[in-house]
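Remarks on the overall topology
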Amino acid sequence: KVSAYDWESGKLTLVNRYDFIKLDHLALTWKLERDGALVATGGAKLPAIAPGASGTVKLPDAQVAAHLAGSEGAELALTVSLKLATPTLWADAGHE
């Protein structure tokens, strides 16, 4: 679960709601939009956040893009997706 994003530090807080597995089997991608127009996209490697625990991921590219987008008076939207990084028995890589 994505819990929060801090625009100042560029850190995204994630909560692992799984009971038995870490989050390092997932791939994180993001996109930043300003007033509905795509500004930037990127990805980040997830740390091995233990089941039931929280952790942070730094998204410096999103932080920089937000500043470059001239966010004063604009609506910024950060969309984060978590997908399978590798195929499993039940789904292909990229399943969201």
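1. Notes on the overall build of the chain
Scanning the chain for helices and strands turns up one helix and six strands. Going from N to C terminus, the chain has its helices and strands arranged as β-β-β-β-β-α-β. Residue burial in the chain is summarised as follows: out of 96 residues, 28% are buried. Summarising the internal contacts of the chain: among those between residues at least 6 apart in sequence, 61% fall at separations of at least 24. Here the chain displays about 6100 Å² of accessible surface, and carbon together with sulfur accounts for 52% of that area. Across the chain, 9 positive and 11 negative side-chain charges occur, with their mean positions spaced 6 Å apart.

2. Description of the pairing of strand β2 (residues 11-15)
With burial as the criterion, only one face of β2 is covered, namely that bearing Leu12 and Leu14; the residues Lys11, Thr13 and Val15 on the opposite face remain uncovered. In the sheet, strand β1 (residues 2-6) pairs with β2 via four bridges, with the strands oriented antiparallel. Across the sheet, the residue bridging to Tyr5 is Leu12, located in β2. Counting the residues that bridge the hairpin from β1 to β2 gives four residues, and of these Gly10 lies at a positive phi of roughly 75°. Where β2 meets strand β5 (residues 54-58), five bridges bridge the pair, whose relative direction is antiparallel. Its bridge partner being in β5, Leu12 is matched across the sheet by Val57.

3. Regarding the confidence of the model for the chain
On average, residues of the chain score 85 in pLDDT, and 93% of them reach the 70 mark or higher. Looking at the elements of the chain, mean pLDDT is at its lowest for helix α1 (residues 60-68), recorded as 70, and at its highest for β5, recorded as 92.

4. Comments concerning the pairing of strand β3 (residues 26-34)
Judged from the nine bridges that link them, β3 and strand β6 (residues 76-84) form a sheet pairing that is antiparallel. Each bridged residue has a counterpart across the sheet, and for Trp30 the counterpart in β6 is Val80. Here β3 pairs with strand β4 (residues 37-45) via eight bridges, running antiparallel. Across the sheet, the residue bridging to Leu32 is Ala40, located in β4. Adjacent in sequence and paired antiparallel, β3 and β4 are bridged by two residues, among which Asp35 carries a positive phi angle near 50°.

5. A word on a nonpolar patch on the surface
On the surface, a nonpolar cluster with roughly 360 Å² of combined accessible area is contributed by Tyr18, Phe20 and Ile21. Summarising the element assignment, Ile21 is placed in the loop between β2 and β3.

6. A closer look at the environment of Lys22
Structurally, the position occupied by Lys22 is in the loop between β2 and β3. Exposure remark for Lys22: the relative accessible area of 44% places this residue in the partly exposed category. As a C-alpha pair, Lys22 and Gly52 span 30 residues in sequence and 9.0 Å in three-dimensional space. In contact with Lys22, other than residues within four places in its own chain, are Asn16, Ala48, Ile49, Ala50 and Pro51.

Here is what the cut-offs are and how they apply
Residues numbered from 1 in each chain as written. Predicted model: local features only at pLDDT ≥ 70, side-chain atom pairs only at ≥ 80, totals over all residues. Heavy atoms only, no water. Helix = DSSP H or I, 4+ residues; strand = E, 2+ residues; numbered from the N terminus. Buried < 20%, exposed > 50% of the residue type's maximum accessible area, 1.4 Å probe, protein only. Contact = heavy atoms within 4.5 Å. Areas by Shrake-Rupley, 256 points an atom, 1.4 Å probe, with all protein chains shown as cover. Lys, Arg positive; Asp, Glu negative; His and termini not counted. Charge placed at Lys NZ, Arg CZ, Asp CG, Glu CD. Pairing = 2+ DSSP bridges. pLDDT = per-residue confidence, 0-100. Patch = residues over 30% accessible without salt bridge, like charges linked within 9 Å, V, L, I, M, F, W, Y side chains within 5 Å. Salt bridge = Lys/Arg side-chain N within 4 Å of Asp/Glu carboxyl O.

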